[in-house]
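Listed here are the chains, written in short residue letters.
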Amino acid sequence: MKKTLLASSLALMTSFSFATEEGSAAQETQLPQTLFQNVDIFNGTEDKLYEDHFVLVEGNKIASISAKTIEVRDDAVIIDGSGKTLTPGFIENHAHLMLMGPTLPAMESNTTWEDFAIHGTRMAEMYLMQGFTTVRDAGGANGGLRRAIDAGEIVGPRYYPSGAFLGTRGGHADFANYTAPVGQETNFSRLNMAQEVDSVADVKKYARNNFRMGATQLKYMQSGGVVSAFDPWQLLAGSPEEVGAAVEVANTYGSYVMAHSYRREAILAALEAGVKSIEHGFMFDCEISDLMKEKGAYITTNLTAFDPNLLEIPAVKSVPSSLAKAKSASAAFKDYIPNMKKCPAPRGFQTDCVGSVDACNIQIAYEKKLNNDFFGAYESLKTLTSVGGEIATLSGDFMNPYPDAKLGVIEKGAYADILLLDGNPFEDFSVVGTGDQWFGADKRPESPESIALIMKDGVIYKNAL
Ligand SMILES: [Zn+2]
């Protein structure tokens, strides 16, 4: 009885709304308008600002950009950005939204899906409020968080998860307890956050499973690491056939592989196997730069690895084996920055924080600062915007969740992911929300004061004007 009543009232409502819509069909198709006026534009690619310009957003895209005022409807939202810089929303190319730390063994032993989900939800909101309208996740997250963000259930950036880390036994994605026998299920494997892959068949099986679970690209651990238990950072983890198997599966989905690669030989082998995104890539040199150009590949590097106080970090300092690894890694990685200046390659922004929301907020702000310290404002702004947009599109036409427009640029037709910065980042880079300190820094505000407005997909999430 109840059901019938509900059904008939729904039918009535539908016919009623059809009747009222008939007279106003034209209005129905009009998209909401937001006009930014008198803004100085950094468009994501050029080493300049377009001063005193106008940008019209219609729906979720940029409809026009002009040096003169743009006609809008009476119901348009007008934002006066005098003295402000309008930039594309920032893009983080290497985060781990699900991994709250404090250590990998602690997460393996004591963390449930609820802990991971709650942490991921809070991280997603924090990233957006730091100005990041897009985040690529480099391992440990499947499609659920993106579904919730895109459905508007929670607040967060556009999101490109990689599914489970794919790595060899004893490699950088082996988070199992020391005593865990080969092949035994782990907390991470049950939740498809990390999978042990020791053959071409394993790689293919779990790579396909990642796409099934909502990954937009794959993450393969091609080198060892510093703060992981069983692997020297110099480890060459996967055979060319195994890395190639990941690339083969990714290509069947029209997507690509990102590879955690420290050592020169690992980077070159990954590129030869068809990997499109080198993660960290600390032993980058001119030969690698040339091969990247030939292959159309990108590199993303966390510059905190070159922080002068790296050896003082608690997670490194407190574990003797990690400290020893960090010392030898620092010595081996010393040429990264000079080499990147000598033979530049398209470089995406990455923070790679595993830890609490407050700690990651601090690390992101510090990573922004180091980019400017090492490479200057223009290179840093490009890294934070258009290069990240190009990396996002590597996920291809089928797996890219946002395939209708460009990301990371201010141009006609691009997605309306927009920030207003309170000042000129070419003169004072701190307006992007930098932090001067990493460990020992005070808790940072929910959103930097200098980021006056945050728009994602045409929707305003912060407006301090
Ligand atoms: Zn990482």
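Calculation notes
Residues numbered from 1 in each chain as written. Predicted model: local features only at pLDDT ≥ 70, side-chain atom pairs only at ≥ 80, totals over all residues. Heavy atoms only, no water. Helix = DSSP H or I, 4+ residues; strand = E, 2+ residues; numbered from the N terminus. Expected span 1.5 Å × (residues − 1). Buried < 20%, exposed > 50% of the residue type's maximum accessible area, 1.4 Å probe, protein only. Donors = N, O, S within 2.8 Å, 3.2 Å for Na, K, Ca; no water. Core = buried A, V, L, I, M, F, W, Y, C linked by side-chain atoms within 4.5 Å. Contact = heavy atoms within 4.5 Å. Disulfide = S-S within 2.5 Å. Phe/Tyr/Trp six-rings, centres within 6.5 Å; stacked < 30°, edge-to-face > 60°.

- Looking at an unreviewed UniProt entry, the chain carries the name Amidohydrolase family protein, with the source organism given as Vibrio qingdaonensis.

A closer look at helix H4 (residues 113-129)
Three or four residues apart is the spacing at which side chains of an α-helix point the same way, because the helix has 3.6 residues per turn.
Logical step 1: An ideal rise of 1.5 Å per residue puts 24 Å on 17 residues; H4 measures up with 25 Å between its terminal C-alpha atoms.
Logical step 2: Of the residues making up H4, those classed as buried are Phe116, His119, Gly120, Met123, Ala124, Met126, Tyr127, Leu128 and Met129.
Logical step 3: One or two steps after H4, the chain reaches Gly131, where phi turns positive at roughly 100°.

With respect to the coordination of the zinc ion
Logical step 1: For the zinc ion, the protein coordination sphere consists of His94 (NE2), His96 (NE2) and Asp352 (OD), at 2.1 to 2.2 Å.
Logical step 2: Read N to C, the donor residues that coordinate the zinc ion are spaced as H-x1-H-x255-D. In this pair, His96 sits in the loop between strand E6 (90-95) and helix H3 (104-110) while Asp352 sits in the loop between strand E15 (347-349) and helix H14 (357-384), placing the two residues 256 residues apart along the sequence.
Logical step 3: Using a relative accessible area of 21% as the deciding quantity, one classes Asp352 as partly exposed.

Details of the nonpolar core
Logical step 1: Counting residues in hydrophobic clusters, the biggest one holds 53 residues, and the most contacted among them are Leu97, Tyr127, Phe132, Tyr159 and Phe188.
Logical step 2: For Phe188, the contacting residues outside a window of four places in its chain are Leu99, Leu104, Met107, Glu108, Phe116, Phe175, Met193 and Ala194.
Logical step 3: Counting residues in each nonpolar core, the second largest holds 51 residues, with Phe211, Tyr220, Leu271 and Phe375 among its members.

Side note on the state of the cysteines
Logical step 1: Evaluated as defined, the whole model comprises 2 disulfides.
Logical step 2: Through a disulfide, Cys286 is tied to Cys343; the S-S separation comes to 1.8 Å. Linking Cys286 and Cys343, the disulfide has an S-S dihedral of approximately 70° and is accordingly described as right-handed. Taken together, the positions of Cys286 in helix H10 (residues 286-295) and Cys343 in the loop between helix H13 (336-342) and E15 put the pair 57 residues apart, joining distant regions of the chain.

What to know about the packing of aromatic side chains
Logical step 1: Under the counting rule described, the total for this entry stands at 19 aromatic pairs.
Logical step 2: Arranged with centres 6.0 Å apart and planes meeting at 50°, the rings of Phe116 and Phe188 form a pair that is tilted. With Phe116 in helix H4 and Phe188 in helix H6 (residues 187-190), this pair connects stretches of sequence that are 72 residues apart.
Logical step 3: For Phe116, a relative accessible area of 3% gives the class buried.
Logical step 4: On the basis of relative accessibility, which here comes to 2%, the residue Phe188 falls in the buried class.

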